[in-house]
Amino acid sequence: MICQKFCVVLLHWEFIYVITAFNLSYPITPWRFKLSCMPPNSAYDYFLLPAGLSKNTSNLNGHYETAVEFNSSDTHFSNLSKTTFHCCFRSEQDRNCSLCADNIEGKTFVSTVNSSVFQQIGVNWNIQCWLKGDLKLFICYMESLFKNPFKNYNHKVHLLYVLPEVSEDSPLVPQKGSFQMVHCNCSVHECCECLVPVPTAKLSNTLLMCLKITSGGIIFQSPLMSVQPINMVKPDPPLGLRMEITVDGNLKISWSSPPLVPFPLQYEVKYSENSTTVIREADKIVSATSLLVDSILPGSSYEVQVRGKRLDGPGIWSDWSTPHVFTTQDVIYFPPKILTSVGSNVSFHCIYKNENKIVSSKKIVWWMNLAEKIPQSQYDVVSDHVSQVTFFNLNETKPRGKFTYDAVYCCNEHECHHRYAELYVIDVNINISCETDGYLTKMTCRWSTNTIQSLAGSTLQLRYHRRSLYCSDIPSIHPISKPKDCYLQRDGFYECVFQPIFLLSGYTMWIRINHPLGSLDSPPTCVLPDSVVKPLPPSSVKAEITKNIGLLKISWEKPVFPENNLQFQIRYGLSGKEVQWKMYDVYDAKSKSVSLPVPDFCAVYAVQVRCKRLDGLGYWSNWSNPAYTVVMDIKVPMRGPEFWRIINGDTMKKEKNVTLLWKPLMKNDSLCSVQRYVINHHTSCNGTWSEDVGNHTKFTFLWTEQAHTVTVLAINSIGASVANFNLTFSWPMSKVNIVQSLSAYPLNSSCVILSWILSPSDYKLMYFIIEWKNLNEDGEIKWLRISSSVKKYYIHDHFIPIEKYQFSLYPIFMEGVGKPKIINSFTQDDTEKHQNDAGLYVIVPVIISSSILLLGTLLISHQRMKKLFWEDVPNPKNCSWAQGLNFQKKMPGTKELMGGGWLNQ
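Parameters at a glance
- Residues numbered from 1 in each chain as written.
- Predicted model: local features only at pLDDT ≥ 70, side-chain atom pairs only at ≥ 80, totals over all residues.
- Heavy atoms only, no water.
- Disulfide = S-S within 2.5 Å.
- Helix = DSSP H or I, 4+ residues; strand = E, 2+ residues; numbered from the N terminus.
- Pairing = 2+ DSSP bridges.
- Salt bridge = Lys/Arg side-chain N within 4 Å of Asp/Glu carboxyl O.
- Buried < 20%, exposed > 50% of the residue type's maximum accessible area, 1.4 Å probe, protein only.
- 1 Å grid on protein atoms, 1.4 Å probe; cavity = no way out; pocket = protein on both sides within 12 Å on 5 of 7 lines; lining within 4 Å.
- Points joined across faces, edges and corners; volume = space filled by probe spheres on them.
- Nonpolar A, V, L, I, M, F, W, Y, C, P; charged D, E, K, R; others polar.
- pLDDT = per-residue confidence, 0-100.
- Contact = heavy atoms within 4.5 Å.
- Polar contact = N/O pair within 3.5 Å; in protein donor to acceptor, adjacent residues only side chain to side chain.
- Core = buried A, V, L, I, M, F, W, Y, C linked by side-chain atoms within 4.5 Å.

Asker: Would you mind showing me how to read the state of the cysteines here?
Answerer: Put plainly, two cysteines are in a disulfide when a covalent bond ties their sulfur atoms together. Throughout the structure, instances matching the rule amount to nine disulfides. Across a sulfur-sulfur distance of 2.0 Å, C434 and C445 are joined as a disulfide pair. Taking the sign of the S-S torsion, 110 degrees for the link of C434 and C445, the bridge is right-handed. In this pair, C434 sits in strand β31 (residues 432–436) while C445 sits in strand β32 (residues 443–448), placing the two residues eleven residues apart along the sequence.

Here it is as structure tokens:
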């Protein structure tokens, strides 16, 4: 046992000694080669041994080999005494034993196992090495050619290797201890696979290897081998093998190259055709990833396999791809499907086979959807068996249920096969709109697919080509283009952002529709970023109502970009939930403000401004943030308030308390607010003074003079009102009576008619004051100022018929307030008359409308309507409201009331 271990150590030392002493190795070839270890009875006589070992030499066919002889006196080595095995490599092309240039060969070390079989026939292994297609593992596969002698022996294989850091054509053999060892995986069939990891950076470096094989107690070691892994690449089989019939009626076999291959490949294609009339096989080598097979026949079966290998330089053929079978139908359409755009022209071809016989192309007819026969003017005879039909200026395909295409049928004269070709026609007119932001840093383009028909399996992509300067006169699709990522937004539009941008470069864009049937492009459009700028909105927008003039003044600042001249658009309106905007355009690029007339000076206005290039290019900016006017006084109040008085005190005394009452001024009269009210007094003794009453609308003073005139002024932030109402309290004038009579007639619960009769007077009458109040309540007195020309007035208020009301009419003269006419109830003798008048206002329109309706109906059926008229029209004498009335009598005042000429005057 100790002797055996010593022998193994000695053998390993001698092997390292040999490969260190001799800088030689066997170059691995891309094809299979053989490792042979021969017994001493072979014709090899030449041995070259290290110092200290016996030598025998011979020469064979000019090749040199090395063998090691080991002698033992142990009884277990009786059959292998002085046995030497000569190991060398043989290639498939050269059956002679070949070694390196300096004739270094492997050696064997014989153990104690009986190996009489080895002495007779020797041992042989088939070896093939390659770099796996992922470029990560170098694989050596070895298979024993004589399996039976080893079936009872423990079979182990190790591979020793070293991969230098530097790539050299003739590298020096590494020193002892630099070799690494990997264990090879062996199966029960004496097949082994050795895997050596190779870093990507060292694919071109020289890999040195040798094999150490233990079988039947004997250790065999191969000569040193060398290889550059990159020259031994075995690609993965080609992918995606497919077959289709081209528009020319040929069979196109296509595939995809395997990934990760660092160099071009050549391909070997083998295929077979089997039909009722022809059986053929072919094997072709091509450099492209496709092959055309002509003369395709209906009802044929094609089986194809493809493999690949390095195109230039050494390499190994990949494994064959999985067989792919393609069967043609009895009716062949080529192309079987067409995807095209609106307005284009397309053609279909077909070959028709009927009962194992190909139909003449002259007997073929074409149908669309089996409902419309295509005119023969669109047919064309390509050959004896190939017919063609052409469609011109195609319209968009209208979906029919789940079918989004038109079915094109190629038929015999008397029948149609159930198979058809598919025609997809879609409208590719897609509008692409772009806008450049106000900072001129990016351009956003948007487009929608709502206008085009959606095809299952299709994808849309925006492609563009940037021209160095400006757009061409007619945009066209450039052969060199780039895709742009676009993202679907919530509004259904796709949005793409170009950043950075070149303002004066022309961006030609189009939408490409990718589909398994082909690609379609929308009409191209060219965009110049400088011409689609959407400016920033104007800033510092202000709005105010100018003093004294009362105009709406709007001012703004133009945005920094773009530097082009800009036009502006203003919208303004009364502030509220729903602003009714008015528009105003400003075309002066230098303008920064504008003044506009508005109907209401005292209202709050909302104002917004936007801008756009003056030459019309680009887009309107967004509206600026709204600016609001502040209600301010712009002028002094237009007039003072209307006012009246309440006099309290003994009529016999000269001193009375007078309480002035007035209503707050409206904004249109106050322009635009009232800060306080001032009472000016002027007496008959030329006494004048003023009293500030603040914001109150009631003021009481003592009337002691014979004549006392008061004026109520409204004061705002600018000044006092100019036009004011005066009221003079005069003892003599209070006795002037010009109102002869006053009558009050209730028209309904919300209206009372007040009429009066005046007597002649020498005083100038200015206006009337009407007072009324409910005598049953302690409410305030209500009053109205009316024109002096009015003799009848409708008072609108809430009146209760059972209550008593006091009505007073005061004539107001320039000299003072005259004596009033006062009544404490409604006028009873004419109340019924006015109620009837009011009834007539309602009844007369109803009677007129009914008469017209009845007359129209009477014209349709006189007899029927005559009977209906006398049966349905009630007798007025039976109506409750008509009891006791004489309808023939003319009521006084009817003409005036119905005329209404002085209502609310």
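Asker: Explain the sheet that holds strand β22 (residues 337–341) to me, please; I cannot follow it from the model alone.
Answerer: Hydrogen bonds between backbone atoms are what pair the strands of a sheet, whose relative direction is either parallel or antiparallel. On the basis of which strands lie adjacent, the open sheet formed by five strands has the order β22-β30-β29-β25-β26 and mixed pairing. Where the open sheet ends on each side, the last strands, each with one partner, are β22 and β26 (372–373). Of the pairings in the sheet, the one linking β22 to strand β30 (residues 421–426) comprises five bridges and is parallel in character. Looking across to β30, one finds that I338 is bridged to L423.

Asker: Sorry if this is basic, but what is going on with the pattern of salt bridges here?
Answerer: Pairs may arise between side chains of opposite charge once their charged atoms sit close together. What the rule picks out here adds up to 13 salt bridges. R446 serves as the salt-bridge partner of D491, at 2.5 Å between the closest nitrogen and oxygen. Residue D491 is located in the loop between β35 (487–488) and β36 (493–498), and its partner R446 is located in strand β32; the two are separated by 45 residues in the primary sequence. Classification of D491 as partly exposed rests on a relative accessible area of 44%. Exposure remark for R446: the relative accessible area of 23% places this residue in the partly exposed category. The salt bridge partner of E557 is K592, with a shortest N-O separation of 3.6 Å. Taken together, the positions of E557 in strand β41 (residues 551–557) and K592 in the loop between β43 (582–586) and β44 (593–597) put the pair 35 residues apart, joining distant regions of the chain. The class for E557 is partly exposed, based on a relative accessible area of 36%.

Asker: I'm lost on the layout of surface pockets in this one. Help?
Answerer: Over the atoms rolls a probe the size of a water molecule, and in doing so it shows where empty space is left. Taken as a whole, the second largest pocket encloses approximately 630 Å³ of empty space. For the second largest pocket, the lining is made up of 23 residues, of which I245, Y333, P335, P336 and K337 are closest to its centre. Elements with a minimum of two residues in the lining of the second largest pocket: β14 (239–245), β20 (324–327), β21 (331–334) and β22. For the lining of the second largest pocket, the per-class residue count stands at 14 nonpolar, five polar and four charged.

Asker: Sorry if this is basic, but what is going on with the confidence of the model for the chain here?
Answerer: A low pLDDT score tells you not to read the predicted coordinates there in detail. Per-chain confidence: the chain averages 80 in pLDDT, with 79% of residues scoring 70 or above. For the stretch residues 1–23, pLDDT sits under 50, and the model shows 36 contacts to residues farther than four places along the chain or on other chains. Contacts of residues 100–115 to residues separated by more than four positions or lying in other chains number 68 contacts, the stretch itself having pLDDT below 50.

Asker: What should I look at first to understand the side chain of H417 in this one?
Answerer: Within the secondary structure layout, H417 lies in the loop between β29 (406–411) and β30. Under the relative-accessibility criterion, H417 is labelled buried at 18%. In this structure the side chain of H417 is engaged in a polar contact, spanning 3.1 Å, whose partner is the backbone nitrogen of R419. Residues within four places of H417 in sequence aside, it is in contact with D330, V331, Y352, Y409 and C410.

Asker: What is the right way to look at the nonpolar core in this model?
Answerer: One recurring pattern in soluble globular proteins is that nonpolar side chains are buried together. Counting 65 residues, the largest nonpolar core has W125, F138, L159, M209, L211 and W255 as the members making the most contacts within it. Residue contributions to this core peak at six residues, all from strand β5 (residues 123–131). When near neighbours in sequence (up to four residues on either side) are disregarded, W125 contacts F33, K34, L35, C37, M142, E143, S144, H155, I213 and F220.

Asker: It is not clear to me how unusual backbone geometry should be interpreted in this structure. Could you clarify?
Answerer: Peptide bonds are mostly trans, and most non-glycine residues show a negative phi. Residue F561 is joined to P562 through a cis peptide bond whose omega torsion reads -5 degrees. Looking at where P562 falls in the secondary structure, it is placed in the loop between β41 and β42 (566–574). In this chain, L671 is followed by C672 through a cis amide linkage whose omega measures 15 degrees. The phi torsion at L260 lies on the positive side, around 70 degrees, for a residue other than glycine. Positionally, L260 belongs in the loop between β15 (251–256) and β16 (265–274). Of note, N393 is a non-glycine position whose phi angle comes to about 45 degrees, a positive value. Relative to the elements of secondary structure, N393 occurs in the loop between β28 (387–391) and β29.

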